[in-house]
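Now for the letters of each chain:
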Amino acid sequence: MKLIELTWELVIGFVLLFLVVKVAGKKLIQQITPFTFISAIVLGELLGNALYDDHVHILYIIYSISLWGALLILVEYINQKWLAFRLIAEGKPTALIRNGVIDYEALKKARMTLNQLQSLLRRSETFSIREVAFCYLEADGALSILKKPPYQKTKREDFQFPSYAVHIPTTIIRDGKVLLDELRELGKDKAWLDHELRARGITDYKDVLIAEWLEDDGLFVQTYH
């Protein structure tokens, strides 16, 4: 009898979850925000906990999932109607890079490190910060990137420029600390780095937010402003 009851609960719970996702929209999966992320977890927990609690009747499962789904739909409706509520529920994009310069304060407010920013940029086929004109952190955690004109794909495709060797940029200073292993891989030393920084009016590594070397394009340095 317990197996039959569990089977009914699973089937009904599955159908209800399917209906909630279909009605609430694909946003629960594809355009997830902190609110929808938490909502999806709670929705799954409501079913999961109810299934294995002998004191919870199947009617409670139907009621709890239906109510939670109705609240999700209500929030989405309000979200579409009132901009002020949308800003509270979803937030707004955060500019991490403006005019090619990293906004370090925005980076800290987003609780993101330089390593994480560089990793997300690489996933968007952007291997150097110098390529970026503007970069926004969206509400769902994705990056929206506008590259500087020389690095936009259409430039080479439209004019069919001849191909050339591709080099990967190497970060040699991050958060004011010299990455000695990367420096050695480039065949350079701290004396060379000191000379390059002094040429830019920088005397202390701690003043440097990020510095990276790219073959054929030289050293890119950004300090804490």
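Up top is the structure these notes are about.
Computed from a predicted model, the values in this text were never measured in an experiment.

The rules we used
- Residues numbered from 1 in each chain as written.
- Predicted model: local features only at pLDDT ≥ 70, side-chain atom pairs only at ≥ 80, totals over all residues.
- Heavy atoms only, no water.
- Salt bridge = Lys/Arg side-chain N within 4 Å of Asp/Glu carboxyl O.
- Buried < 20%, exposed > 50% of the residue type's maximum accessible area, 1.4 Å probe, protein only.
- Helix = DSSP H or I, 4+ residues; strand = E, 2+ residues; numbered from the N terminus.
- Pairing = 2+ DSSP bridges.
- Core = buried A, V, L, I, M, F, W, Y, C linked by side-chain atoms within 4.5 Å.
- Contact = heavy atoms within 4.5 Å.
- Axes fitted to C-alpha atoms, helices over the stretch in contact; angles between N-to-C directions.
- Arc of directions from axis to C-beta.

Asker: Can you tell me about the pattern of salt bridges, naming the residues and giving the values?
Answerer: Here the structure, examined in full by the defined rule, presents 7 salt bridges. A salt bridge links R98 to D103; the shortest N-O distance between them is 3.9 Å. Relative accessible area serves as the criterion here: at 45%, R98 is assigned to the partly exposed category. Classification of D103 as partly exposed rests on a relative accessible area of 24%. Across the salt bridge formed by R130 and D217, the nearest N and O atoms sit 3.1 Å from each other. On the criterion of sequence distance, the pair formed by R130 in the loop between α6 (114-123) and β3 (132-137) and D217 in the loop between β7 (208-214) and β8 (218-223) is long-range, its members being 87 residues apart. Since its relative accessible area comes to 40%, D217 is described here as partly exposed. What you see here is one network of salt bridges that share partners, running through R130, E212 and D217.

Asker: How would you sum up the pairing of strand β1 (residues 94-98)? Please name residues and give values.
Answerer: Two strands pair when backbone bridges link them, and β1 and β3 are joined in this way by 3 bridges, in the antiparallel orientation. Each residue of the ladder has a partner; that of T94, found in β3, is L137. One ladder, built from 2 bridges, connects β1 with strand β2 (residues 101-102); its direction is antiparallel. Residue R98 lies in a different strand from β2, and its bridge partner there is V101.

Asker: Report on the nonpolar core, specifying residues and quantitative values.
Answerer: By size, the foremost hydrophobic cluster in this structure holds 17 residues, and its most contacted members are L96, I102 and L117. Counting residues per element, the ones that place at least two in this core are β1, α5 (104-109), α6, β3 and β7. Discounting chain neighbours no more than four positions away, the residues touching I102 are L96, I97, L107, L114, I129, L209, I210 and Q222.

Asker: Any chance you could break down the sheet that holds β2 for me, citing the residues and the numbers?
Answerer: Here 4 strands make up an open sheet; going across it, the order is β2-β1-β3-β4 and the pairing antiparallel. Edge positions in the sheet fall to β2 and β4 (143-147), since each of these pairs with one other strand and no more. Packing against the sheet, α6 makes contact with β1, β2, β3 and β4, and its axis sits at approximately 70° to β4.

Asker: Can you explain helix α9 (residues 190-199)? Please cite residues and give values.
Answerer: Residues of α9 that are buried: W192, L193, E196 and L197. The arc that holds the buried residues of α9, viewed along the axis, is 130°, so those residues lie on one side. In α9, the exposed positions angled more than 90 degrees off the buried face are occupied by A191, R198 and A199. The secondary structure elements touched by the buried residues of α9 are β5 (170-174), β6 (177-178), α8 (180-185), β7 and β8.

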